[in-house]
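What follows is each chain in one-letter form.
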Amino acid sequence: MILKKGSQEVKTKDSVIRNIATAAKAIGLTFYRGLGPNGMNIFVCDEKGDTFYAHDAYTALQAIRNSMSHPVARLIHEAVKTIDDNVGDGGKIFCILLGEAMKNAEKLREEGVRTANIIAGYSAAIKKSIELLDSLAINVDESKLFHLIQHVVHRLPLSNIERDTITDLVIEAIKYVTADGSEFDPYFVKVKNKLGGDVSGSFLVKGVVIDKIWPGYIQMPQYVESPKIALLTSPIEIKKTSLKYEYVVSPKDVNGLKNVRDGVSEFYKSAVRHIVSTGAKVVLSRKELHDEVLEGLSREGVISAYRFNDEEILFLSRATGARPVHNHELLTSADLGEADIARQFKIGNERWILIEGCKRGSACTIVLRGNSFKALKMYEKAVTKSLRVARSFLLDRRVLPGGGATELYISQRLKEWAHNLQDQKSLPVLKMADCFEKIPYLLALNTGKDPWELLTRLRSLHFRGYPTYGIDSSGVLDDMVEKGVITPVKVVENILKILDEVLQQLLRVENVVIARQIKGNVTTR
């Protein structure tokens, strides 16, 4: 009675679960054939009509997020985005597990299991799964980082040359950032893209790459050795008055106006003199610098750039070791950062500023080259995923075997544990075990071989005490740890924790209300 014509409402509990499960199953089914190194790509056409290949869940869902008509699909997209931001990997596995869990929840409701027991059973099963990771996890040294990044990059649709180049750049960047013993943060490895050339022209700058350069760059020095770097967060300018009125200048006022103009010019000259007196040879400002200041700094042999946001200022401070100063008059030599070289660098038809060899900094920049914008976005995605997975590994240097070995291990242990439960929670636990077993089944299916045969043989190996055996890219059962097919414990933990949260949110829904569509967008509450 209170909803407008065209709105939808689902009330009964079984109908709600069926409605939600339909959306979750549809998204999970999308990534069935895309799982693993032999997985197929998803050809996506976004709202703007651009077409590209997506190999990971976040890229595919991000492209169609505004076209999603079901609220559950949007919730799944947000969960996948969280996984991608936190650990950089596992989005497809999350979608598949969620789809299977909702499909099994629908079956359990049809069999008469109460929703409260399904929620409790699923939650208990996932918590038990996280505990089981400790018994399977293997402590490794930092040398396994290369295999880990290689494993991430090899799942993307890249050539061998592209994979090797990106892997080497990521490893070199991580070593540089963590050379001083600090904790690795992907934020302090920036990625710059430049169209032209191929991936072999990509390189690492152990410092800062600045693509914000003022039109008078020709007057700036091309090369400065051992520069000191100043970082300003406020503009050097005299603010104009906000009053608006007409003023007629008489011959008597000319000298007065000239004095005002000379005073303004002297203000800018004094600002330049003060900055130069501190020994700064590079000035980076968050706000715009006045033309007189830029010209004055150029005449003094100072390289300058401006218009940086807060995140860029933080990165510049970390990279150069300079301390951001709000008032240029308070700038001292103690606030300056140091580097080996600052120079102008021509790349393509643009000029960039490179600050290399920062002595008190621990940040760097990866410059990617490619012959198309789509290729550059794929390279950037590979670098970003690798850096986030590397952070997960460096926080906890325990790894789990890939190739479906971890999921099958969890599945078998959950089935053993479920038989000891005395209430209805045992049924959801068994169903969750079936969900985990779906991962090795799909990996086997995508190798082109008989999935049931491979899965049966893999079960046998696990029962005989070989829990690290999984399915490699050629469909052969082998020890995944020895082959370097590994996954950080933090990645799997993050997937399971978010899976638990999303399942509880979806299964606790009592009523679904979808408001009438307005201009193609769906408003959900």
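Conventions used here
- Residues numbered from 1 in each chain as written.
- Predicted model: local features only at pLDDT ≥ 70, side-chain atom pairs only at ≥ 80, totals over all residues.
- Heavy atoms only, no water.
- Helix = DSSP H or I, 4+ residues; strand = E, 2+ residues; numbered from the N terminus.
- Buried < 20%, exposed > 50% of the residue type's maximum accessible area, 1.4 Å probe, protein only.
- Contact = heavy atoms within 4.5 Å.
- Areas by Shrake-Rupley, 256 points an atom, 1.4 Å probe, with all protein chains shown as cover.
- 1 Å grid on protein atoms, 1.4 Å probe; cavity = no way out; pocket = protein on both sides within 12 Å on 5 of 7 lines; lining within 4 Å.
- Points joined across faces, edges and corners; volume = space filled by probe spheres on them.
- Nonpolar A, V, L, I, M, F, W, Y, C, P; charged D, E, K, R; others polar.
- Pairing = 2+ DSSP bridges.
- Axes fitted to C-alpha atoms, helices over the stretch in contact; angles between N-to-C directions.
- Expected span 1.5 Å × (residues − 1).
- Parallel < 35°, antiparallel > 145°, perpendicular 65-115°, else oblique.
- Phe/Tyr/Trp six-rings, centres within 6.5 Å; stacked < 30°, edge-to-face > 60°.
- Lys NZ or Arg CZ within 6 Å of the ring centre and 35° of its normal.
- Core = buried A, V, L, I, M, F, W, Y, C linked by side-chain atoms within 4.5 Å.
- Polar contact = N/O pair within 3.5 Å; in protein donor to acceptor, adjacent residues only side chain to side chain.
- pLDDT = per-residue confidence, 0-100.

J.: I'd like a rundown of the overall build of the protein chain, residues and numbers included.
T.: Across its full length, the protein chain carries 16 helices and 20 strands. Counting only residues that meet the buried cut, the protein chain has 50% of its 525 residues in that class. Across the protein chain, contacts joining residues at least 24 apart in sequence account for 74% of those joining residues at least 6 apart. Total accessible area computed for the protein chain in this model is approximately 25,600 Å², and 50% of it derives from carbon and sulfur atoms.

J.: Please give an account of empty space enclosed by the protein that cites residues and values.
T.: Within this structure, the stated rule accounts for 1 cavity of 30 Å³ or more. Here the largest cavity is characterised by a volume of approximately 40 Å³. Going through the elements one at a time, α6 (145-153) and β19 (486-488) are the ones with two or more residues in the lining of the largest cavity. When the residues that make up the lining of the largest cavity are grouped by side-chain class, the tally is 6 nonpolar, 2 polar and 2 charged.

J.: Report on the sheet that holds strand β6 (residues 203-205), specifying residues and quantitative values.
T.: Strand order in the open sheet formed by 3 strands is β5-β15-β6, with mixed pairing between adjacent strands. Edge positions in the sheet fall to β5 (189-195) and β6, since each has one partner strand and no second. With strand direction ignored, the average angle separating the axes of adjacent strands in the sheet is 25°. Looking at chain direction, β5 and strand β15 (residues 364-370) are connected through 7 bridges and run parallel. In the sheet register, Lys192 faces β15, and the bridge partner there is Val367. Helix-sheet contacts for helix α7 (residues 160-177) involve β5, β6 and β15, and the interaxial angle to β15 is about 170°.

J.: For helix α12 (residues 405-418), give the residues involved together with the corresponding values.
T.: Its 14 residues place the ends of α12 20 Å apart at the C-alpha level, agreeing with the 20 Å of an ideal helix rising 1.5 Å per residue. Across the 14 residues of α12, 10 count as buried, placing the element largely inside the fold. What α12 keeps buried is the set Ala405, Thr406, Glu407, Leu408, Tyr409, Ile410, Ser411, Gln412, Leu414 and Ala418.

J.: Kindly report on the packing of helix α3 (residues 71-86) against helix α11 (residues 373-395), identifying the contributing residues and their values.
T.: Packing of α3 against α11 brings their axes to within 8 Å, and their N-to-C directions diverge by 70°. Regarding the angle of α3 to α11, the classification is roughly perpendicular. Between α3, through Asp84, Asp85 and Asn86, and α11, the contact on the second element is made entirely by Lys381, Lys385, Arg388, Arg391 and Ser392. Looking at side-chain class alone, the contact of α3 with α11 contains no nonpolar, 2 polar and 6 charged residues.

J.: Give a description of the packing of aromatic side chains that names residues and reports values.
T.: By the definition in use, this model includes 5 aromatic pairs. Measuring from centroid to centroid gives 5.1 Å for Tyr187 and Phe188, while their planes differ by 80°, and the two rings are edge-to-face. Here Tyr466 and Tyr469 contribute two aromatic rings whose centre-to-centre distance is 5.6 Å and whose plane-to-plane angle is 70°, an arrangement assigned as edge-to-face. Residue Tyr466 is classed as partly exposed on the basis of its relative accessible area of 41%. Judged by relative accessible area, which is 22%, Tyr469 ranks as partly exposed. Stacked on the ring of Phe315, the Lys or Arg Lys190 has its end atom at 5.5 Å from the ring centre. Here Arg318 stacks its cationic end above the ring of Phe188, 3.9 Å away from the centre of that ring.

J.: Tell me about the pairing of β15, and please be specific about residues and values.
T.: Of all 7 residues in β15, 7 are buried, a share of seventy percent or more. Burial of the side chains of β15 extends over both faces: Cys364, Ile366, Leu368 and Gly370 are buried on one face and Thr365, Val367 and Arg369 on the other. Examined bridge by bridge, β6 and β15 share 3 bridges and lie antiparallel to one another. Looking across to β15, one finds that Leu204 is bridged to Ile366.

J.: Tell me about the nonpolar core, and name the residues and values.
T.: Here is a general trend for soluble globular proteins: nonpolar side chains tend to be buried in one another's company. Counting residues in hydrophobic clusters, the biggest one holds 76 residues, and the most contacted among them are Phe94, Leu98 and Met432. Dropping the residues within four chain positions of it, Leu98 is found in contact with Ala24, Ile76, Leu499, Val502, Leu503 and Leu506. With 37 residues, the next largest nonpolar core counts Val170, Ile171, Tyr379 and Val399 among its residues.

J.: Just give me the short version of the environment of Asp335, but keep the residues and values in it.
T.: Its location among the elements puts Asp335 in the loop between α10 (310-320) and β12 (337-338). With relative accessibility at 2%, the residue Asp335 sits in the buried group. The sequence separation of Asp335 and Lys228 amounts to 107 residues, and the corresponding C-alpha distance is 9.6 Å. Those residues in contact with Asp335 that sit more than four places away from it in its chain are Ile229, Ala322, Arg323, Val325 and Leu330. Of the polar contacts made by the side chain of Asp335, one reaches the side chain of Arg323; its length is 2.5 Å.

J.: Quick one: what's the story with the sheet that holds strand β4 (residues 138-139), residue by residue and with numbers?
T.: Within the open sheet, the 3 strands sit side by side as β4-β16-β19. Their pairing is antiparallel. The open sheet terminates on both sides in strands that have one partner only, identified here as β4 and β19. The strands that helix α16 (residues 489-507) touches are β16 (398-401) and β19; relative to β19, the one it contacts most, it runs at about 65°.

J.: If you had to explain the pairing of strand β13 (residues 341-347) to someone new, which residues and values would you point to?
T.: For strand β8 (residues 223-225) and β13, the ladder comprises 3 bridges, and the chain directions are antiparallel. Note on β13: the bridge partner recorded for Glu225 is Ile341. Here 7 bridges tie β13 to strand β14 (residues 350-356), and the two strands are oriented antiparallel to one another. From the neighbouring strand, Ile347 faces β14, where its bridge partner is Glu350. What sits between the antiparallel neighbours β13 and β14 is a turn of 2 residues, in which Gly348 has the positive phi angle 70°.

J.: Before we move on, could you go through the confidence of the model for the protein chain and cite the residues and values that matter?
T.: Confidence in the prediction of the protein chain, expressed as mean pLDDT, is 85, and 89% of residues score 70 or more. Across residues 521-525, confidence stays below pLDDT 50; counting only partners more than four residues off in sequence or on other chains, it has 9 contacts.

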